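# Structural features, examined
Here is how the chains run, residue by residue.
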Amino acid sequence: MAARIPKYQEIADWLTENIRSGTFPSGSKLISELNLCEKFGISRHTARSAIAILEKDGFVARRQGSGTYVNHFLSDAGRKKIGLLMTYADAYIFPSIISGIEEILSRQGHRMSLSLTQNKVENERSQLLSFLSDNVDGLIVEAVKSALPSVNLDIYRAFAARGIPIVFINAYHTGLNCNYIINNDVAGGRLVTRHLIENGHKKIGGIFKHDDIQGNYRYKGFAKELYAQNLHLHENHIIWYSTETLDSLFHPDQRNLLLDKLAEITGVICYNDQVAVKLIQTCTQAGLRVPQDLSVVGFDNSNLSKITPTPLSSITHPGPDMGRFAAESLLKIIQTPQHTIRHMFQPQLIARSSVGHT
């Protein structure tokens, strides 16, 4: 026997249908909770739950002291089907980016379809082909292993041949003439390096990701700032890792090897906050203190940077602002195909207690 649809969902579906049909026009005040209770013989809680679904989906908006109003809504003919291809979705900075995208698309009545690649080339290819066959109107993409030559450029070019616009976020494949919204990671690398130098650090190491272009650019900024400050780049204290080798890098069996690579330095720049937190944990297990024995900095200013026992100095990431901007830009390109977007968010350093003076 099929499960019965909850009453609040039935009411939400009825409201949605009436918004779509124009019974409740754009800008009009939605039927009140009290009137819903009288019409359907339901509780106030059920009515409120139904309206909350519409609010979450962007069909209505509450106005303090005034009531609930119908948002501008597109007919089915005007609704766009937008694909979103992300590496990850449920952790770190990714939920905030996705929520920013979803906020804009749902507010304007468009549909979003999310797929994940886990930063694997084969997954990127299969998901792109799926979006292509699904005839999406546009695509927002976080490129897979963007520092490596992409074998999926033929699929991206198939989108271009069909006139389906793509906006890349965080990174893009350099073999494409594309729209993108990214961070200025070279500038970010320079900022964290300068922060360490200003606190007296002269022997600085790093842990960088080599298969994503962000890691390459952050390393580039690190090296440029060292040379600008007439300091040496100690290559034997630089550690490179990939998507597949991160777990092994911080495996307990590798602890001594990792710490030996970072011996004799006083500060470490980490590819992101996840890596920085793993490094701090490794140091703690080995009896090293942060920042007294080793200063550590990260990237993305994620929640991890604030909740660690030693709050982490980190470079900002725009998070939901990037998501909103990407969605707005893609919709503008769909409407005006000649429009292009190539934007870099400029970084800021949030200094916390993971960096000490030497």
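Anyway, here's the lowdown on the structure attached to this text.

Cut-offs and rules
- Residues numbered from 1 in each chain as written.
- Predicted model: local features only at pLDDT ≥ 70, side-chain atom pairs only at ≥ 80, totals over all residues.
- Heavy atoms only, no water.
- Helix = DSSP H or I, 4+ residues; strand = E, 2+ residues; numbered from the N terminus.
- Expected span 1.5 Å × (residues − 1).
- Buried < 20%, exposed > 50% of the residue type's maximum accessible area, 1.4 Å probe, protein only.
- Arc of directions from axis to C-beta.
- Contact = heavy atoms within 4.5 Å.
- Pairing = 2+ DSSP bridges.
- Right-handed = clockwise from strand over helix to strand, strands pointing away.
- 1 Å grid on protein atoms, 1.4 Å probe; cavity = no way out; pocket = protein on both sides within 12 Å on 5 of 7 lines; lining within 4 Å.
- Points joined across faces, edges and corners; volume = space filled by probe spheres on them.
- Nonpolar A, V, L, I, M, F, W, Y, C, P; charged D, E, K, R; others polar.
- Axes fitted to C-alpha atoms, helices over the stretch in contact; angles between N-to-C directions.

Compared with an ideal rise of 1.5 Å per residue, which puts 13 residues at 18 Å, helix 3 (residues 44-56) spans 18 Å between its outermost C-alpha atoms and is within 8% of the ideal. Looking at helix 3, one finds that the buried residues are Thr46, Ala47, Ala50, Ile51, Ile53 and Leu54. The arc that holds the buried residues of helix 3, viewed along the axis, is 145°, so those residues lie on one side. Exposed residues pointing more than 90 degrees away from the buried face of helix 3 are listed as His45 and Lys56. As for helix 3, its buried residues are in contact with helix 1 (7-21), helix 2 (33-40), strand 1 (60-63) and strand 2 (67-70). One or two residues past the end of helix 3 sits Gly58, with phi positive at roughly 85°.

As defined by bridge partners, strand 8 (residues 204-209) adjoins strand 9 (residues 238-241) across four bridges and the pair is classed as parallel. The residue of strand 9 that forms the bridge with Phe208 is Trp240. For the crossover from strand 8 across helix 8 (residues 213-228) to strand 9, the handedness is right-handed.

What follows is about the layout of surface pockets. What the largest pocket holds in volume is close to 580 Å³. Tyr88, Phe94, Lys209, Asn272 and Gln274 are, among the 30 residues lining the largest pocket, the residues nearest its centre. Counting residues per element, the ones that place at least two in the lining of the largest pocket are helix 8, helix 9 (246-249) and helix 11 (273-285). Per-class residue counts for the lining of the largest pocket are eleven nonpolar, eleven polar and eight charged. Counted as a void, the second largest pocket has a volume near 420 Å³. Of all the elements in the fold, those that place two or more residues in the lining of the second largest pocket are helix 6 (153-161), strand 6 (166-169) and helix 13 (320-335). In terms of residue count, the dominant contributor to the lining of the second largest pocket is helix 6 (four residues). Among the residues making up the lining of the second largest pocket, the classes are represented as twelve nonpolar, five polar and three charged.

The next point concerns the sheet that holds strand 12 (residues 313-316). Within a sheet, neighbouring strands are paired by backbone hydrogen bonds and run either parallel or antiparallel to one another. Read across the open sheet, the six strands follow the order 9-8-10-11-12-14; overall the sheet is mixed. Strand pairing shows two members of the sheet lacking a second neighbour, strand 9 and strand 14 (349-350), which therefore form its edges. Across two bridges, the pairing between strand 12 and strand 14 is antiparallel. Across the sheet, residue Ser314 finds its bridge partner in strand 14, namely Ile350. This element, helix 7 (residues 185-198), spans strand 8, strand 10 (267-270), strand 11 (295-300), strand 12 and strand 14 of the sheet and lies at about 160° to strand 11. Sitting on the sheet, helix 11 is in contact with strand 8, strand 9, strand 10, strand 11 and strand 12, with an inclination near 155° to strand 11.

With that settled, the discussion passes to the sheet that holds strand 4 (residues 111-116). Spatially, six strands are ordered 4-3-5-6-7-13 in an open sheet, and the strand pairing comes out parallel. One side of each edge strand has no neighbouring strand; the edge strands of this open sheet are strand 4 and strand 13 (342-345). Taking the axes of each pair of neighbouring strands and ignoring which way they run, one obtains an average angle of 15° across the sheet. The pairing of strand 3 (residues 81-86) with strand 5 (residues 138-141) spans four bridges and is parallel. Residue pairing for strand 5: Gly83 is matched across the bridge by Leu139. In this fold helix 5 (residues 121-133) packs onto strand 3, strand 4 and strand 5, with an angle of close to 180° to the strand it touches most, strand 3.

With that settled, the discussion passes to empty space enclosed by the protein. On inspection of all chains with the given rule, the structure shows one cavity of 30 Å³ or more. Put simply, the largest cavity is a space of about 80 Å³. Every residue along the wall of the largest cavity is listed here: Asn170, Ala171, Tyr172, Thr174, Ile182, Asn183, Asp185, Ile213, Gln214 and Tyr217. Breaking the lining of the largest cavity down by element, the ones donating at least two residues are strand 7 (179-183) and helix 8. If one sorts the elements of the lining of the largest cavity by residue count, helix 8 sits on top with three residues. Here the lining of the largest cavity is composed, by residue class, of five nonpolar, four polar and one charged.

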